[in-house]
Amino acid sequence: MKYISTRGEAAVLDFEGAMLSGLARDGGLYLPETFPQVTRDEQLALRGKPYADVAFAICSKFTAGSVPDADLRKMVDAAYATFHHPATTPLKQMAPNQYLLELFHGPTIAFKDVAMQLLARLMDWSLAKQKRRAVIVGATSGDTGGAAIDAFQHNQNASLFILHPHGKVSDVQRRQMTTVKSPAIHNIAIEGNFDDCQAIVKALFNDLKFRDEVGLAGVNSINWGRIMAQIVYYFYAALQLGAPDRAVSFTVPTGNFGNVFAGLAAKRMGLQIDRLVIATNSNDIMDRTLKTGSYTITGVHATQSPSMDIQVSSNFERLVYLANKGNASAVRAHMESLKQSGNFTLQADALNSIRNEFESGATSEAETATTIAKVLQETGELLDPHTAVGYAVASKTHTSSPMITLATAHPAKFPDAVEKACGIRPNLPQRLSHLMIAPESFTILSNSAAEVKAFILSDGKR
Ligand SMILES: *Cc1c(COP(=O)(O)O)cnc(C)c1O
C-alpha cells in the first residue's frame, strides 16, 4: 500500500514512512493511494468476532507490504489487551434505534487509547527494525497527552516529549501524564496556553535541520496510523447491527476531524453507512463549513467539552482533497488562503460531494448539560460532555437506520461538568484511584521553541 500527500509535492511513502513522518514534508497529510475494500464475504466472516480480529482484518490491508501479518497480529492483540472490557468497545442500546459505542474502556478512559495503543507498538516495532531512534513531540490540551504517554511508556526506541499548558489542564488529565514513570517520557509544562504549545511543536517540525537531526515524529490525530485504527470500530459496531445486510448511521463528536474521517474511510472501504453526522460544540467551524461552503476561522471559546475546542480541524484537509477528486493544487490554494486570510471557500462541486457524505449539527452549552441530565433520568447512564454533544445531535437526526453515537470519553474524566449538569459526580474507575496520590514529574519551560529544542537535545535533562 502506497501513501500520497494531499498537497501532491512530497514523496510517495509506504505505511511505515507515512506513519513515522506524520506530516508530509510539503505540509500535506498522507492518504492511501486507494481505499482497500472489505468485501461482503469478508464482512460476514467478521460478524461476532472479537475486536482484535476485526482490527487485524482492517489494519492488515493498510500495512500490507510494510508489516508482516504475524507481527501485526501480535501488536493488535497486545494493544487491545490493555482495554478493561471483554467487548473492547461495547455497543449499548439507549432508546429505540439509538445506540452508544463506548470507546473509553482503555487505560486513560478516552477514545484516543484505541488508536494510540496500536500506533505506539507499530512505531516502536518499525524503529527497532530500522535500527533507529525517534523523538516524538506532541502538544496536548488534555486527552492526547495522557493516551500517548500511557501507550509509549514501555517503548524502547522513541523518546516522547509532551507539552501541556502549565496550570491549564484538569488535575486528572495532568496526573495521567505526570505520574507515569519511564525514562522514555518527558512532560513539559509550557508557561502559555494550548495554542502556544501547538505553535512550538509546529516550529520544531518546520525546522527541517532539527527534524532530521533528532528523527522527529508526531502522534497527533493527523497521523495515518491513528485514522487507520479508528476505522476498525465503525466496522465492529455495524457488524453487530446487521452489516453488511443493513446500513447503519453514526454521529461523531468532532474536533480535529480525525474520528469522523475514519468513518468516511470505512464507507469508502465498503461499509454501508447511511448517515455520517458531524457533531460540534459551539466551536462549530465544521458545521458552518457544511452549511455555507466557507471554512472560516473565528476565535476559540472554552466549553464543557474541551477536547473539541478547536479552531482548525486539521484532518479536514483530507476530505478537501477527496472532494476535489485528488486535485492537489486546489488543496494547496485553499491551504494558502487559510494561512493568509484565515478562510477558504469550497467550490460548488466539492461542497456538494461533501454534503452528499456528511451531515452536521452544533450543540450549545445549555443543550449539552440538558442532554446529560435527560439521558441520566431516562436510562441511568452518565454521559461525558463530549458524548452528550454527539447524543444531542444524533437525537435530532431523523433516520430509519440504527443511529450509533460514538462515546469518546468516560464521564469521570470531566467530573465538574457532569456534576454541574445532573448533580452526580462520577467516580474514577477503581484502577485509576492511585492517580490522585502518585508522585508527579514534569519540567516547566517558558513559551519558547528554542528552550524546548535545547531541552530535547539534552534528552530531557536541564
Ligand atoms: C479528541 C477528542 C474528540 C475529538 O476527536 P477528533 O478526532 O479530534 O475529531 C472528541 N471527544 C474526546 C473526548 C476527545 O478526546
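The structure presented is a predicted model; accordingly, all values stated were derived computationally and were not measured.

What counts, and at which threshold
Along each chain, residue indices are assigned from 1 in the same order as the chain's sequence is written. Thresholds applied to this predicted model are a pLDDT of at least 70 for local features of residues and 80 or more for the giving and counting of side-chain atom pairs; totals over whole chains, interfaces and linings are not thresholded and use all residues. Heavy atoms from the whole structure form the basis of all side-chain values; hydrogens and water molecules are not counted. Under the scheme used here, helices are H or I runs from DSSP no shorter than 4 residues and strands are E runs no shorter than 2 residues, and both carry numbers assigned from the N terminus. Only C-alpha atoms enter the radius of gyration; for comparison, a globular chain is expected to reach 2.2 Å times N to the power 0.38, where N is the number of residues. For each residue, the accessible area found with a 1.4 Å probe, counting protein chains only, is set against the maximum for its type, and the residue is called buried under 20%, exposed over 50%, and partly exposed in between. Residue contacts follow a heavy-atom distance rule, with two residues in contact if any of their heavy atoms lie within 4.5 Å. Here the Shrake-Rupley method, with its probe set to 1.4 Å, supplies the accessible areas, and only the displayed protein chains count as covering residues. The charge count treats Lys and Arg as positive and Asp and Glu as negative. His and the chain ends do not count. Charge positions are represented by NZ for Lys, CZ for Arg, CG for Asp and CD for Glu. Think of it this way: a Phe, Tyr or Trp ring, Trp meaning its six-membered ring, pairs with another when their centres are within 6.5 Å, and the plane angle makes it stacked under 30 degrees, edge-to-face over 60, tilted otherwise. As a reminder, the over-ring test applies to NZ of lysine and CZ of arginine, requiring each to be within 6 Å of the ring centre and within 35 degrees of the ring normal. One heavy atom within 4 Å of a molecule or strand is enough for the residue carrying it to be called near that molecule or strand. Counting of polar contacts relies on pairs of N or O atoms within 3.5 Å, with two restrictions inside protein: one atom must be capable of donating a hydrogen and the other of accepting it, and residues adjacent in sequence are counted only when both atoms are side-chain atoms. A strand pair is defined by DSSP finding two or more bridges across the two strands. Angles here are taken between N-to-C directions and fall from 0 to 180 degrees, while the axes themselves are lines fitted to C-alpha atoms, restricted in helices to the stretch in contact. By definition here, a helix of n residues has an expected span of 1.5 Å times n minus one. If you view a crossover with the strands going away from you and the path from the first strand over the helix to the second runs clockwise, you call it right-handed. Only one rule defines a salt bridge in this text: a Lys or Arg side-chain nitrogen within 4 Å of an Asp or Glu carboxyl oxygen. As used here, the arc belongs to the directions running from the helix axis to the C-beta atoms.

K.L.:
Describe the overall build of the chain, naming the residues involved and giving the relevant values.
P.N.:
In terms of helices and strands, the chain carries 19 helices and 15 strands. In terms of C-alpha radius of gyration, the chain reaches 21 Å, essentially the compact-globule figure of 23 Å for 462 residues. Expressed along its principal axes, the backbone C-alpha trace of the chain runs to roughly 60 × 50 × 50 Å. Expressed as a percentage of its 462 residues, the buried residues of the chain come to 60%. Pairs at least 24 residues apart make up 75% of the contacts formed inside the chain by residues separated by at least 6 positions. Accessible surface for the chain amounts to roughly 17400 Å². Of this, 51% is attributable to carbon and sulfur atoms. Each charge sign in the chain was given a centre, from 44 positive and 43 negative side chains, and these centres are 2 Å apart.

K.L.:
Mind laying out the packing of aromatic side chains, listing which residues take part and the relevant values?
P.N.:
In this structure the tally under the stated criterion is 14 aromatic pairs. Pairing Phe-257 with Phe-316 gives two aromatic rings, centres 5.6 Å apart and planes at 80 degrees, and the pair type is edge-to-face. Taken together, the positions of Phe-257 in the loop between β9 (248-253) and α11 (258-268) and Phe-316 in helix α13 (residues 316-323) put the pair 59 residues apart, joining distant regions of the chain. Of the two residues examined, Phe-257 and Phe-316, each falls in the buried class. Positioned above the aromatic ring of Phe-210, the side-chain terminus of Lys-453 is 5.7 Å from the ring centre.

K.L.:
Provide a residue-level description of the site of the ligand, including the pertinent values.
P.N.:
If you check the shell around the ligand, you find 15 residues, and the closest are Lys-112, Asp-143, Gly-255, Asn-256 and Thr-408. In this structure, an oxygen atom belonging to the ligand sits 2.9 Å away from a main-chain N or O atom of Asn-259. For the ligand, the protein covers 97% of the area, taking 390 Å² as the surface of the free molecule.

K.L.:
Got a sec to walk through the environment of Ala-189? Specific residues and values, please.
P.N.:
Tracing the chain through its elements places Ala-189 in strand β7 (residues 185-191). Looking at Ala-189, the relative accessible area reads 0%, which means it is buried. Each C-alpha atom, one on Ala-189 and one on Ala-262, is 31 Å from the other, the two residues being 73 residues apart in sequence. Excluding its chain neighbours within four sequence positions, the residues that come into contact with Ala-189 are His-164, His-166, Phe-442, Thr-443, Ile-444 and Leu-445.

K.L.:
For the environment of Ser-433, give the residues involved together with the corresponding values.
P.N.:
Mapping Ser-433 onto the fold places it in the loop between α18 (415-422) and β15 (443-446). Considered as a pair, Ser-433 and Ser-170 are 263 residues apart in the sequence and their alpha carbons are 16 Å apart. Of note is the side chain of Ser-433, whose polar atom sits 2.8 Å from the backbone oxygen of Gln-430.

K.L.:
Explain the sheet that holds β7 to me, using residue names and the numbers behind them.
P.N.:
Taken in spatial order, the 5 strands make up an open sheet running β8-β5-β6-β7-β15, and their pairing is parallel. Strands with a single pairing partner mark the edges of an open sheet, and in this sheet they are β8 (216-217) and β15. As paired elements, strand β5 (residues 134-139) and strand β6 (residues 158-165) share 6 bridges and run parallel to each other. In the sheet register, Ala-134 faces β6, and the bridge partner there is Ala-158. Packed on one face of the sheet, helix α7 (residues 171-178) meets β6 and β7 and runs near 160 degrees to β6. On top of the sheet, helix α8 (residues 194-206) reaches β5, β6, β7 and β8; it is set at about 150 degrees to β5, its chief contact.

K.L.:
A description of helix α3 (residues 51-63) should follow, citing residues and the corresponding values.
P.N.:
In this model, α3 (13 residues) spans 18 Å end to end at C-alpha, consistent with the 18 Å of a helix rising 1.5 Å per residue. Burial analysis of α3 places 11 of its 13 residues in the buried class, the great majority of the element. Looking only at α3, the buried set comprises Tyr-51, Ala-52, Val-54, Ala-55, Phe-56, Ile-58, Cys-59, Ser-60, Lys-61, Phe-62 and Thr-63. Among the residues trailing α3, Gly-65 stands out with phi positive, at a value near 90 degrees.

K.L.:
An account of the sheet that holds β9 is requested, with residue identities and associated values reported.
P.N.:
Reading across the sheet, the 6 strands line up as β3-β4-β14-β9-β10-β13 and stay open at both edges, with mixed pairing between neighbours. With partners counted over all chains shown, the strands left at the sheet margins are β3 (91-95) and β13 (359-362), one partner each. Sheet twist, expressed as the mean angle between neighbouring strand axes with direction ignored, is 25 degrees.

K.L.:
Talk me through the pairing of β6; I want residue IDs and the actual numbers.
P.N.:
With 8 of its 8 residues buried, β6 lies for the most part within the structure. Residues of β6 alternate between two faces, with Ala-158, Leu-160, Ile-162 and His-164 on one and Ser-159, Phe-161, Leu-163 and Pro-165 on the opposite face, all of them buried. Remark: the β5/helix α6 (residues 143-152)/β6 crossover connection has right-handed handedness. Bridge analysis of β6 against β7 gives 6 bridges, and the strand direction is parallel. Across the sheet, Phe-161 pairs through a bridge with His-186, a residue of β7. For the segment spanning β6, α7 and β7, crossover handedness is right-handed.

K.L.:
Provide a residue-level description of the pattern of salt bridges, including the pertinent values.
P.N.:
Side chains carrying opposite charge are able to pair once their charged atoms draw close together. What the rule picks out here adds up to 26 salt bridges. In this structure, Arg-40 engages Asp-245 in a salt bridge whose closest nitrogen and oxygen atoms are separated by 2.9 Å. Residue Arg-40 is found in helix α2 (residues 40-46), and its partner Asp-245 is found in the loop between α10 (224-240) and β9; the two are separated by 205 residues along the sequence. Shared partners join several salt bridges into a network, and the residues in it are Asp-171, Arg-174, Arg-175 and Glu-440.

K.L.:
Describe α8, with residues and values.
P.N.:
Between its first and last C-alpha, α8 extends 18 Å over 13 residues, near the 18 Å set by a 1.5 Å rise per residue. The set of residues buried in α8 consists of Cys-197, Ile-200, Val-201, Leu-204 and Phe-205. All buried residues of α8 lie within an arc of 135 degrees about the axis, which places them on one face of the element. What points out from α8, more than 90 degrees from its buried face, is the exposed set Lys-202 and Asn-206. One side-chain oxygen at the N-terminal end of α8 lies 3.1 Å from the backbone nitrogen of Asp-195; it belongs to Asn-193.

As far as function goes, none of this settles anything; it's purely spatial.
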